[in-house]
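Structural features, examined
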Amino acid sequence: MPVQPHEHVRRTPVEPSWRRFPGWRDVTREQWRDPRWQRVHCVRNTRQLRAVVGDLLDERFYDDLAADQESFATMSMLLPPQMLNTMVPEGAADFTGAFYADPVRRYMLPVRSDRDPEWPSHPYSSRDSLHEAEMWVVEGLTHRYPTKVLAELVSTCPQYCGHCTRMDLVGNSTPQVRKHKLELKPVDRQDRMLDYLRRTPAVRDVVVSGGDVANVPWPQLESFLARLLEIETVRDIRLATKALAGLPQHWLQPQVVEGMSRVARTAASRGVNLAVHTHVNHAQSVTPLVAEAARALLDAGVRDVRNQGVLMRGVNATPDDLLELCFALQGEANILPYYFYLCDMIPNAEHWRTSVAEAQDLQAAIMGYLPGYATPRIVCDVPYVGKRWVHQVVEYDRELGVSYWTKNYRTGIESDDPNALDRRYPYYDPISTLGETGRRWWRKHERA
Ligand code: SF4
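Residues numbered from 1 in each chain as written. Predicted model: local features only at pLDDT ≥ 70, side-chain atom pairs only at ≥ 80, totals over all residues. Heavy atoms only, no water.

**Here we look at the site of the ligand**
For the record, the criterion: Note on definitions. A residue lies near a molecule or strand when any single heavy atom of the residue is within 4 Å of it. Amino acids outside the nonpolar list (Ala, Val, Leu, Ile, Met, Phe, Trp, Tyr, Cys, Pro) and the charged list (Asp, Glu, Lys, Arg) are all regarded as polar, and Gly is one of them.
By nearness alone, every residue bordering the ligand is listed as Met75, Cys157, Gln159, Tyr160, Cys161, Cys164, Gly211, Lys242 and His279. Across the shell around the ligand, the residue classes tally to 5 nonpolar, 3 polar and 1 charged.

Laid out in structure tokens, this is it:
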């Protein structure tokens, strides 16, 4: 065999032992598999982290974490034990060093020293950087593409990711970010969403999201899906849940599995493609419990479980990390590696973001190792445009890190805009990835 840039050797996933953490020494397997136990024992602050991890971590980590929560965090802390247990999975002699370097920790539990020292935020970063709320046709229903909508049923999740693109709305307020709130009662919001979809037959594809649909009480979610399935023009339904990886116990509950079977049967009888989309960013998160939950969804009749990861420096932005994640998803958990998004231009995200050029190189590096249908596309969600494959860029100023993109459809707010399809829409690379000339230009530009 010739030597390859990436050598893959199958590794069967194992559930890391939670008993390596002092606070979980006595936790039983039954407790661990219980979603209520997982939710009650989520880590929400440094005090609770200390109660679990204790002296394994030096004081400097707790201080670093507290400083970040105070000055930079756009998301509050919420870590289910399942997710914390995927960090430093085998333990380490220098636990603090390994914890700092851990890829899951780096995006789920960011600390002050992670952030970019000069440009923690890009000058053009913004809350709701994808302008989803501007495109709401009903509160929480974003109509951006001609045939697809995004329905946000809740603004909470069982876990909060540091880089969340919906940091404007999702989760609790932090010292830095006062969150917007959904105003309508859930039942009224859902009625209005369904009413819009009945009146808009061009929409054939509905992403049911949040937040995370694992936080919608199952009877409510099932009732919404049953009514959605009555709309004959809806042909694709995708349920978005990171909890498949963060809290797989939720998707293994008998009530949820049985309910999903009923929904899947109805979908199949009406010829509707029902799928679950999840959000896994590193192979460490693909544990046997995650594979079991994905299997349960497929056995319940869901057509596909797919992954939409986020490309992040220090987490997965190398060919080896991306490929190992894809092999784990595809080979060990029956989850299709579907997309990787560039991390969006929200505040304080510059240390995670990669340039378009880096993303193009990564896309080239991962081609040819997986079946074509399981080779993910790396995409940039361009503000006012939508997802573009990274090689679709039409013009690219590498010195200033500005790429330009076009689109072939109008978003919901451009029906009267004659130039929408001719315009070039900009996207910005992180300034720290530019050469000295580019950085100097941005310093001057920001002062101006
Ligand atoms: S699960 Fe999704 S919506 Fe929830 S915090 Fe993470 S990225 Fe945001």
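So that's the structure; there's more coming.
**Details of the sheet that holds strand S12 (residues 402-405)**
For clarity, the cut-off: For two strands to count as paired, DSSP must find a minimum of two bridges between them. Helix numbering and strand numbering both begin at the N terminus, where a helix is a DSSP run of H or I of at least 4 residues and a strand a DSSP run of E of at least 2. For helices, the fitted line uses only the C-alpha atoms of the stretch in contact; every axis is such a line through C-alpha atoms, and the angle between N-to-C directions lies from 0 to 180 degrees.
Across the sheet, 3 strands lie side by side as S11-S12-S13; this open sheet has antiparallel pairing. The sheet is open, and its two edges are formed by strand S11 (395-397) and strand S13 (425-428), each paired on a single side. If you compare each strand with its neighbour and ignore which way they point, the axes differ by 20° on average. Pairing geometry for S11 and S12, over 3 bridges, is antiparallel. The residue bridging Asp397 from the neighbouring strand is Val402, located in S12.

**As for the domain arrangement of the chain**
This is how the line gets drawn: Bear in mind that the domain bounds are from an automatic or database domain assignment. We call two residues in contact when some of their heavy atoms are within 4.5 Å. Once two parts are joined, some of their accessible surface, as seen by a 1.4 Å probe, is lost; buried area is that loss totalled over both. Put simply, a salt bridge is a Lys or Arg side-chain nitrogen that is within 4 Å of an Asp or Glu carboxyl oxygen. Throughout this description, a polar contact denotes any pair of N or O atoms lying within 3.5 Å of each other; where both atoms belong to protein, one of them has to be capable of donating a hydrogen while the other can accept it, and for residues adjacent in sequence the pair is counted only when both atoms sit in side chains.
We note that the domain assignment places domain 1 (18-114) and domain 2 (133-447) within the chain. Spacing between the C-alpha centres of domain 1 and domain 2 amounts to 25 Å. Domain 1 puts 31 residues into the contact, and the matching count from domain 2 is 44 residues. Here domain 1 and domain 2 share an interface that buries about 3,100 Å² over both sides, 57% of which is from carbon and sulfur atoms. Summed over the three residues of domain 1 that lose the most area to domain 2, namely Thr74, Met75 and Tyr107, the buried surface amounts to 25% of that side. Where domain 1 packs against domain 2, one counts 1 salt bridge. With a shortest N-O distance of 2.6 Å, Arg33 and Glu292 are connected by a salt bridge. At the boundary of domain 1 and domain 2, one finds 19 residue pairs in polar contact (both at pLDDT 80 or more). No other element matches the 5 residues that helix H7 (residues 103-108) contributes to the side of domain 1 that touches domain 2. Per-class residue counts for the side of domain 1 that touches domain 2 are 17 nonpolar, 7 polar and 7 charged.

**Observations concerning the nonpolar core**
The line we're drawing: Here, the term nonpolar core denotes a set of buried Ala, Val, Leu, Ile, Met, Phe, Trp, Tyr and Cys residues that are joined through side-chain atoms within 4.5 Å. The rule is simple: take the accessible area with a 1.4 Å probe, protein chains only, and divide by the maximum for that residue type; under 20% is buried, over 50% is exposed, in between is partly exposed.
If you look at the biggest cluster of nonpolar residues, it comprises 89 residues, and the most contacted ones within it are Val208, Leu228, Ile237, Trp251, Met260 and Ile378. Looking at this core, the element that brings in the most residues is helix H14 (residues 319-332), giving 7 residues. When sequence neighbours within four positions are dropped, the list of residues in contact with Trp251 reads Val213, Ala214, Trp218, Thr241, Ala243, Leu244, Val256, Val257, Met260, Ala293, Ala296 and Leu297. Core analysis: the second largest hydrophobic core is formed by 46 residues, Trp37, Tyr62, Val104 and Cys161 among them.

**Some points on the side chain of Lys407**
By the element assignment, Lys407 lies in the loop between S12 and S13. At 2.7 Å, the side chain of Lys407 and the side chain of Glu414 are in polar contact. Here the side chain of Lys407 touches Tyr425 through a polar contact of 3.5 Å, side chain to side chain. Not counting residues up to four positions away in its chain, the partners in contact with Lys407 are Tyr384, Val385, Arg388, Glu414, Ala420, Leu421 and Tyr425.

**Quick word on the packing of helix H8 (residues 186-199) against helix H9 (residues 218-228)**
This is how it is decided: Working definition: roughly parallel below 35 degrees, roughly antiparallel above 145 degrees, roughly perpendicular at 65 to 115 degrees, and oblique for all remaining angles. Left-handed describes a crossing whose near helix is turned anticlockwise from the far helix by less than a right angle; the clockwise case is right-handed.
Close contact between H8 and H9 brings their axes to 10 Å; oriented N to C, the two are set at 15°. When the axes of H8 and H9 are compared, the pair comes out roughly parallel. Where H8 crosses over H9, the handedness of that crossing is right-handed. Contacts from Pro186, Gln190, Asp191, Met193, Leu194 and Leu197 in H8 reach Gln220, Phe224, Arg227 and Leu228 in H9. Split by residue class, the contact of H8 with H9 holds 6 nonpolar, 2 polar and 2 charged.

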